[in-house]
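What follows is each chain in one-letter form.
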Amino acid sequence: MNKLHFDDESYLSAMQRRTNVLNHIHWDGSIPADDLWRFYQDNRKKLFLLEKYIDGTRVEGDREIKSADELRSFQTNLFTKYDIVSVFSIPVGAMQTEEDIKAMAVAHCRYLRSQRTVYAESRFAPWYHTQQGLSIDQVIGYALEGFSQSWEEEGVKVKPIICINREVDSEEAKKIVRAALNFSERGVVGIDLACYEPPFPPEKFKEAYALTFDSPLKRTVHADEMCPEEEGIRNLTTAIDDLRADGISHAIHLWKHPKLIEKMREKEIRLESNPISNLTCSFIRDIAELHLDLLIKQGVKVTINSDDPAMWSNGDLAHNLYAVGKLYGNNFVDMVIRNGVETAWGLAEDEKKQFLENIGM
Ligand SMILES: [Zn+2]
């Protein structure tokens, strides 16, 4: 559980009133429990806890999940009580057909609007959405249709990033990237390497990433999130040097490595930081450990994001901004919101300017 307290209510509501953009949010990790609960109720599908908790002890009593609140509690105990596969299987299970994918795109955008997010680079791994026979191209195509429908209905612009779920082999990874390339003209803005980092280092995906080198797609990589420092820094270096990353997610130990900081600055690589995610997953003990102030002072384009907000209790973007705002002040909050806009991959220069003007920057 995260150890943050949000007892300054007026500060929290000030953060909740900030219009914002998100450079790093997972579609499946951000569908509110109420929407998922309704989906499973409507489809008359029951949800159950697994037989065992993550630590191997047996789940006693009735394992059926019987309300949206119970579902929320299940999801927000990711990694502390329940494993990642069983937790994510619930949202992913609700995104397997054309109709459901479109409905969940709308649910995602409704959530974003409730957070005053006007633009998001929402990411997802299409491979997980092929369990009932859709092809990867179909998944991406339906998602794009759903997002453009939401643009009309909710006024939130979503430009997807396609994730390689890193447990796939390199041939499968290339297929995913080719599918992303097929949709680069229709709204997909980038590719990402996501999911469980330790056994699947980025060098395995060099060839897949290379397919995008002469394309309009941007590249981001989850790196230095879940590994010990030495390994994490090695992954970060590979992501920058070999995968030619334009964005890096997490980079927990970056602050200690001046040469990498210099590279991030020189190559204008944006840092997609997700403080509450890191804290809740126990990859850090305190948000100050990320030294984001130091990174920003050294010219790194730090952005603040919510990652999988449906999986954290108090993990919306506003909570993340609250946490960094309390540490580093309002100028820091202004700066990270500005960085999010300036480094957005799916906004034209005039849209960025307009957006910054609209929020008084
Ligand atoms: Zn992420």
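Residue indices follow the written sequence of each chain, beginning from 1 at its first position. Given that this is a predicted model, residues contribute local features only at a pLDDT of at least 70 and side-chain atom pairs are listed and counted only at 80 or more, while totals for whole chains, interfaces and linings are drawn from all residues.

Trainee: Can you break down the overall build of the chain residue by residue, with the values?
Mentor: What the chain contains, in helices and strands, is 15 helices and 11 strands. Taking the principal axes of the C-alpha coordinates as reference, the chain spans close to 55 × 45 × 45 Å. In the chain, which comprises 361 residues, the proportion classed as buried is 48%. Residue pairs are scored as contacts if the distance between their C-beta atoms, which are placed from the backbone, is within 7 Å. Excluding contacts between residues fewer than 6 apart, the proportion of contacts in the chain whose partners are at least 24 apart in sequence is 77%. The numbering of helices and of strands both runs from the N terminus, where a helix is a DSSP run of H or I of at least 4 residues and a strand a run of E of at least 2. Our exposure labels follow a C-beta count within 10 Å of each residue's own C-beta, placed from the backbone: buried means 20 or more other C-beta atoms, exposed means 12 or fewer, and partly exposed covers the counts in between.

Trainee: For the domain arrangement of the chain, give the residues involved together with the corresponding values.
Mentor: For the domain bounds, the source is a domain assignment made automatically or taken from a database. The domains assigned to the chain are domain 1 (9-31 + 116-358) and domain 2 (37-84). Summarising the inter-unit geometry, the C-alpha centres of domain 1 and domain 2 are found 27 Å apart. Under the scheme applied here, ten amino acids are nonpolar (Ala, Val, Leu, Ile, Met, Phe, Trp, Tyr, Cys and Pro), four are charged (Asp, Glu, Lys and Arg), and all others, including Gly, are polar. Its residues assigned to classes, the side of domain 1 that touches domain 2 comprises four nonpolar, one polar and no charged.

Trainee: So, the packing of helix 5 (residues 98-114) against helix 6 (residues 136-154): which residues are in play, and what are the values?
Mentor: Only the contacting stretch of a helix is used when fitting its axis, a line to C-alpha atoms as for every element, and angles between N-to-C directions run 0 to 180 degrees. Contact geometry of helix 5 with helix 6 gives a least axis separation of 8 Å together with a crossing angle of 40°. By the angle between their directions, the pair helix 5 and helix 6 is classed as oblique. You can see that helix 5 and helix 6 cross each other, and the crossing is right-handed. Between helix 5 and helix 6, the contacting residues are Glu98, Ile101, Lys102, Ala105, Val106, Cys109, Arg110 and Arg113 on the first element and Val139, Tyr142, Ala143, Glu145, Gly146, Phe147, Gln149, Ser150, Glu153 and Glu154 on the second. Angular relationships are summarised with four words: roughly parallel below 35 degrees, roughly antiparallel beyond 145, roughly perpendicular across 65 to 115, and oblique for the angles in between. By definition, any crossing whose near helix is turned counterclockwise from its far helix by less than a right angle is left-handed, and any crossing with a clockwise turn is right-handed.

Trainee: Give me the lowdown on helix 13 (residues 317-328), citing residues and values where you can.
Mentor: Each helix should span, by expectation, one fewer than its residue count multiplied by 1.5 Å. With 12 residues, helix 13 extends 16 Å between its outermost C-alpha atoms, agreeing within 8% with the 16 Å of an ideal straight helix rising 1.5 Å per residue. Of all 12 residues making up helix 13, nine are buried, and the element is well covered by its neighbours. Remark: glycine 329 follows helix 13 within two positions and exhibits a positive phi of approximately 95°.

Trainee: Describe the nonpolar core, with residues and values.
Mentor: Membership of the largest hydrophobic core comes to 104 residues, with the highest contact counts inside it found for Ala143, Ile164, Ile176, Leu236 and Ile248. Counting residues per element, this core draws most heavily on helix 5, at eight residues. Note on definitions: a nonpolar core is a set of buried residues drawn from Ala, Val, Leu, Ile, Met, Phe, Trp, Tyr and Cys, linked by C-beta atoms within 7 Å.

Trainee: Please set out helix 2 (residues 33-42) residue by residue, giving values where relevant.
Mentor: Of the residues making up helix 2, those classed as buried are Ala33, Leu36, Trp37 and Phe39. Projected onto a plane normal to the axis of helix 2, the buried residues spread over an arc of 160° and lie on a single side. For helix 2, the secondary structure elements touched by its buried residues are helix 3 (68-75) and helix 4 (84-93). Read the arc as the range of directions from the helix axis to the C-beta atoms.

Trainee: Explain the pairing of strand 4 (residues 117-124) residue by residue, including any values.
Mentor: In regular strands, side chains alternate between the two faces of the sheet. Of all the eight residues making up strand 4, seven are buried; the element is thus mostly covered by neighbouring parts of the structure. The rule for pairing is simple: two strands pair if DSSP sees at least two bridges between them. Across five bridges, the pairing between strand 1 (residues 20-26) and strand 4 is parallel. Residue pairing in the sheet places leucine 22 in a bridge with alanine 120 of strand 4. The sheet contact formed by strand 4 and strand 5 (residues 157-158) spans two bridges and is parallel. Bridge assignment links alanine 120 to a residue of strand 5, and that residue is valine 158.

Trainee: Account for the pairing of strand 9 (residues 247-250), with residues named and values stated.
Mentor: Direction of pairing for strand 8 (residues 218-223) relative to strand 9: parallel, over a ladder of four bridges. The residue bridging alanine 223 from the neighbouring strand is histidine 250, located in strand 9. Regarding the hand of the β-α-β motif, the stretch spanning strand 8, helix 9 (residues 229-241) and strand 9 is right-handed. With three bridges joining them, strand 9 and strand 10 (residues 270-273) adopt parallel strand pairing. Counterpart to serine 249 in the pairing with strand 10 is glutamate 272. Between the parallel elements strand 9 and strand 10, the chain passes through helix 10 (residues 258-266) in a crossover that is right-handed. When the strands point away from the viewer and the path from the first strand over the helix to the second turns clockwise, the crossover is right-handed.

Trainee: Let's hear about unusual backbone geometry: which residues, and what values?
Mentor: Residue arginine 44 is not a glycine yet carries a positive backbone phi of 50°. Residue arginine 44 is classed as exposed on the basis of its C-beta count, with 6 C-beta atoms lying within 10 Å.

Trainee: Tell me what's going on with the environment of tyrosine 40, and back it up with residues and numbers.
Mentor: Among the secondary structure elements, tyrosine 40 is positioned in helix 2. Sequence-wise, tyrosine 40 and methionine 335 are 295 residues apart; in three dimensions their C-alpha atoms are separated by 41 Å. Residues within four places of tyrosine 40 in sequence aside, it is in contact with Lys45 and Leu47.

Trainee: Quick one: what's the story with the packing of helix 13 against helix 14 (residues 330-342), residue by residue and with numbers?
Mentor: Axes are the key here: two packed helices are described by the angle between their axes and the distance separating the axes. Orientation of helix 13 relative to helix 14, taken along the N-to-C sense of each, is 135°, at an axis distance of 7 Å. Taken together, the axes of helix 13 and helix 14 lie oblique to each other. On helix 14, the residues touching Leu321, Val324, Gly325 and Tyr328 of helix 13 are Asn330, Phe332, Val333 and Val336.

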